[in-house]
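# Observations on the three-dimensional arrangement
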Amino acid sequence: MTKAMKIAIVDDEKDMRQSISQWLALSGYDTETYASAEEALGALGADYPGIVISDIKMPGMDGIQFLKKLMGNDSALPVIMITGHGDVPMAVEAMRIGAFDFLEKPFNPDRMSELAKKATNARRLTLDNRALRKELSDGSQLMSKLIGQSPAMERLREDVLDLGQADGHVLIDGETGTGKTLIAHALHAVGSRAGKKFVLISCAAMDEDALMRRLFGPMQPDETRLPAIEEARGGTLVLEDIEALSDSAQARLLSVINDQGTPPETRIVAICNLQDEGNTCESKLRPDLYFRLAALKITVPPLRARGEDILTLFTRLSEQYADEYGCDAPKVSAQEAAQLLQAPWPGNVRQLINLAERAVLQSRRGQGTIASLLMSDHEEMQPVMTTEGKPLKEYVEAFERMLIDNTMRRHKGSISAVMDELCLPRRTLNEKMAKYGLQRADYI
């Protein structure tokens, strides 16, 4: 569940602090009160998970000085200032410095709640964006998202680590929904360009004129950013849907690549969504450009080729959504596990993410089954025979591994609790954990 945002209330008048706190607490906020700006500054760091409501007129450090200090620490922190009647110049000064808004005494509590809602929504968005940027610049965090023990995923992680250290351009291909953009972020984050500019452009999202300007310039007079080629200088430029580039855009891109020399000043990572026979990236790009971009190449495996990774991913995703929605994750039966494994997954990981969320939502309502969701996605899917033609033994083992993994995770590595729930003697449990590569230390 999303945690309630905090609101720091700073006012030297005790009655005012308490009344504001009580009113906002009734609205579901986690309030903190401070009698002075000096006291509050010690608790309000750069990533404070909330907003500030402060009086302007206070002894010692006043609200304007306090606001300046806060903006110096974190210019995106929403601060709502409380002003006295007639303090318009001070309110104007506060807004100039960076205050989110102001309330004039005596103020309407509903108006305060309305401002608090707007400010906390803005703060949540800021913090989410910061967390995302941090995650996308952290190679270890990104590599941990490449979940799975299948040979295909082992190879993919090795490729990302190897090619991330190289300097040449990279072509990433694979079916839609396999996570190619995540791989591009990971290549940047684990290489020598980590921490430098990462610019992502969708070649299919703009018309040709707009795309040419965005990539190569000149920019419009009212645009302040640089063309993408310049903006990404020294870092990585990711071109999604590279197959959508026109002939003239391909020629211009090839010219830029040739001018850069070796090693390239800006690394280009091209993402292609074409893998159909006769309709590939190679067939859509001019040969000289294709072979420059495909000097290093990664093909992201489809979900159906990842075996029991499907169950691991579904478990992790359903647990995440269950936590978000405040309910228990749905239990997977042996039959449903087999159906998850044999589904064709045309939408790949993206489709699995959607299915996991829907499974949690319907489980929360006490309705439906995972099998029904699968059948609605794949109406022509055979209920027994897998497209891979795998023997029953492999499905049984995959289900058994998932069951032990889920139970160990739920009981935080308590062997005795897992033995009781699964009715297994310790020796048998130890043997199965060793067989499936499960270690108790990973769950504690």
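Residue numbers here run from 1 along each chain, matching the order of that chain's written sequence. Reporting of local features is limited, given that this is a predicted model, to residues whose pLDDT is at least 70; pairs of side-chain atoms are given and counted only at 80 or more, and all residues count toward the totals for whole chains, interfaces and linings. Side-chain descriptors were evaluated using all non-hydrogen atoms of the structure, hydrogens and water having been removed beforehand.

Attention now moves to the side chain of E243. A run of H or I in DSSP becomes a helix once it reaches four residues, and a run of E becomes a strand once it reaches two; helices and strands are each numbered from the N terminus. Relative to the helices and strands, E243 resides in the loop between β8 (236-240) and α11 (247-260). Here E243 occupies a buried position and makes no salt bridge, while the nearest side chain of opposite charge, K180, is found at 8.2 Å. By the convention used here, residues are in contact when the closest approach between their heavy atoms is within 4.5 Å. Once residues within four sequence positions are removed from consideration, E243 is found in contact with I271, C272, N273, L274, K284 and L285. Here the term buried applies to any residue with accessible area under 20% of the maximum for its type, exposed to any over 50%, and partly exposed to those in between, with areas from a 1.4 Å probe on protein chains only. His is not counted here, nor are the chain ends, while Lys and Arg score as positive and Asp and Glu score as negative. We define a salt bridge as a side-chain nitrogen of Lys or Arg found within 4 Å of a carboxyl oxygen belonging to Asp or Glu.

The subject of this paragraph is the nonpolar core. Ranked by size, the top nonpolar core spans 30 residues in total, and within it L239, I242 and L253 carry the most contacts. Secondary-structure elements contributing two or more residues to this core are β7 (198-202), α9 (208-216), α10 (228-231), β8, α11, β9 (267-272) and α13 (287-293). Examining the composition of this core, we find that 5 residues originate from one element, α11, more than from any other. Every residue in contact with I242, bar those within four places of it in the chain, is listed here: L171, C203, L253, A270, I271, C272, C281, L285 and L293. Definition of nonpolar core: a set of buried residues of the types Ala, Val, Leu, Ile, Met, Phe, Trp, Tyr and Cys, connected through side-chain atoms within 4.5 Å. Counting 27 residues, the second-largest nonpolar core is a separate cluster that includes F314, L352, A356 and F399.

Moving on, we get to the sheet that holds strand β3 (residues 50-55). The strand order across the open sheet formed by 5 strands is β2-β1-β3-β4-β5, and the pairing between neighbours is parallel. Lying at the two open borders of the sheet, with one neighbouring strand each, are β2 (30-34) and β5 (101-104). Across the sheet, the mean angle separating the axes of adjacent strands is 20° when strand polarity is ignored. The pairing criterion for strands is at least two bridges between them, as found by DSSP. Bridge analysis of β3 against strand β4 (residues 79-83) gives 4 bridges, and the strand direction is parallel. Pairing of D55 across the sheet is with I82, part of β4. Contacts from helix α1 (residues 14-26) reach β1 (6-10), β2, β3 and β4, with the element oriented near 175° to β2. Working convention: axes come from line fits to C-alpha atoms, limited for helices to the stretch in contact. Angles between N-to-C directions cover 0 to 180 degrees.

Here the focus is the environment of W23. Mapping W23 onto the fold places it in helix α1. Overall, the relative accessible area of 33% leaves W23 in the partly exposed class. When near neighbours in sequence (up to four residues on either side) are disregarded, W23 contacts P109, D110, M112 and S113.

So, about unusual backbone geometry. That bond from K105 to P106 is cis: its omega, -10°, falls within 30 degrees of zero. Turning to its location among the elements, P106 is positioned in the loop between β5 and α5 (109-136). In this model, N348 sits at a positive phi of 55°, which is unusual for a non-glycine residue. Mapped onto the elements of the fold, N348 is located in helix α16 (residues 348-364).

What follows deals with the pairing of β1. Of all 5 residues in β1, 4 are buried; the element is thus mostly enclosed. Pairing of β1 with β2 involves 5 bridges; the strand directions are parallel. Each bridged residue has a counterpart across the sheet, and for I7 the counterpart in β2 is T31. In this fold, the crossover linking β1 to β2 by way of α1 has right-handed handedness. Orienting the strands away from the viewer, one traces the path from the first strand over the helix to the second; a clockwise path indicates a right-handed crossover.

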